[in-house]
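Chain and residue survey
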Amino acid sequence: YPSLFKDVNSIFKGTSESVAEKTEKVLEIVMKTKIQDAIRSRMMLNLPSADTDSFRLINGEGDGLSGLAVDIIGGKVAVIMASASWVEIYKE
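Note that the structure is a prediction, hence the values are computed from the model and not measured.

1. Details of the pairing of strand β2 (residues 68–73)
The element β2 is largely enclosed, with a buried count of five among its six residues. With five bridges joining them, strand β1 (residues 54–59) and β2 adopt antiparallel strand pairing. Bridge pairing in β2 links Asn 59 to Ala 69. Relative to strand β3 (residues 76–81), β2 is paired through six bridges, and the arrangement is antiparallel. By the bridge assignment for β3, Ile 72 is matched with Val 77.

2. Let's talk about the sheet that holds β2
Judged by pairing direction, the sheet is antiparallel, and its three strands sit side by side in the order β1-β2-β3 without closing on themselves. Looking along the sheet, the strands with just one partner apiece sit at the ends: β1 and β3. Neighbour to neighbour, the strand axes of the sheet diverge by 20 degrees on average, direction disregarded. Relative to β1, helix α2 (residues 19–44) is tilted by about 145 degrees, and along the sheet it contacts β1 and β2.

3. Digging into the packing of helix α1 (residues 2–13) against α2
Put simply, α1 and α2 touch, their axes get as near as 10 Å, and they point 170 degrees apart. Judged on the interaxial angle alone, α2 and α1 are roughly antiparallel. Residues Leu 4, Asp 7, Val 8, Ile 11 and Phe 12 of α1 form the contact with α2, whose participating residues are Lys 22, Thr 23, Lys 25, Val 26, Ile 29, Val 30 and Thr 33. Within the contact of α1 with α2, the residues separate by chemical class into seven nonpolar, two polar and three charged.

What counts and what doesn't
Residues numbered from 1 in each chain as written. Predicted model: local features only at pLDDT ≥ 70, side-chain atom pairs only at ≥ 80, totals over all residues. Heavy atoms only, no water. Buried < 20%, exposed > 50% of the residue type's maximum accessible area, 1.4 Å probe, protein only. Helix = DSSP H or I, 4+ residues; strand = E, 2+ residues; numbered from the N terminus. Pairing = 2+ DSSP bridges. Axes fitted to C-alpha atoms, helices over the stretch in contact; angles between N-to-C directions. Contact = heavy atoms within 4.5 Å. Parallel < 35°, antiparallel > 145°, perpendicular 65-115°, else oblique. Nonpolar A, V, L, I, M, F, W, Y, C, P; charged D, E, K, R; others polar.

Following this line, the structure appears as structure tokens:
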């Protein structure tokens, strides 16, 4: 992930934002990158397809997002946060 590291470094070298604000930006960039990679992987597997409308879009450890699973079931989305850290971050 060379471009990801470049983006993260620029956040911490740049602005006068607080560490908390910088950390939030980094989390956002990492999440976005990992989710995009997961979607690309599923598209390479031809998902969704005419044969199935149910599949796991994000598979936790396998996609580098430990404790997070996102299932597509008949066109609906089910999000499973199986880690206290996910629940704490996104408790809203």
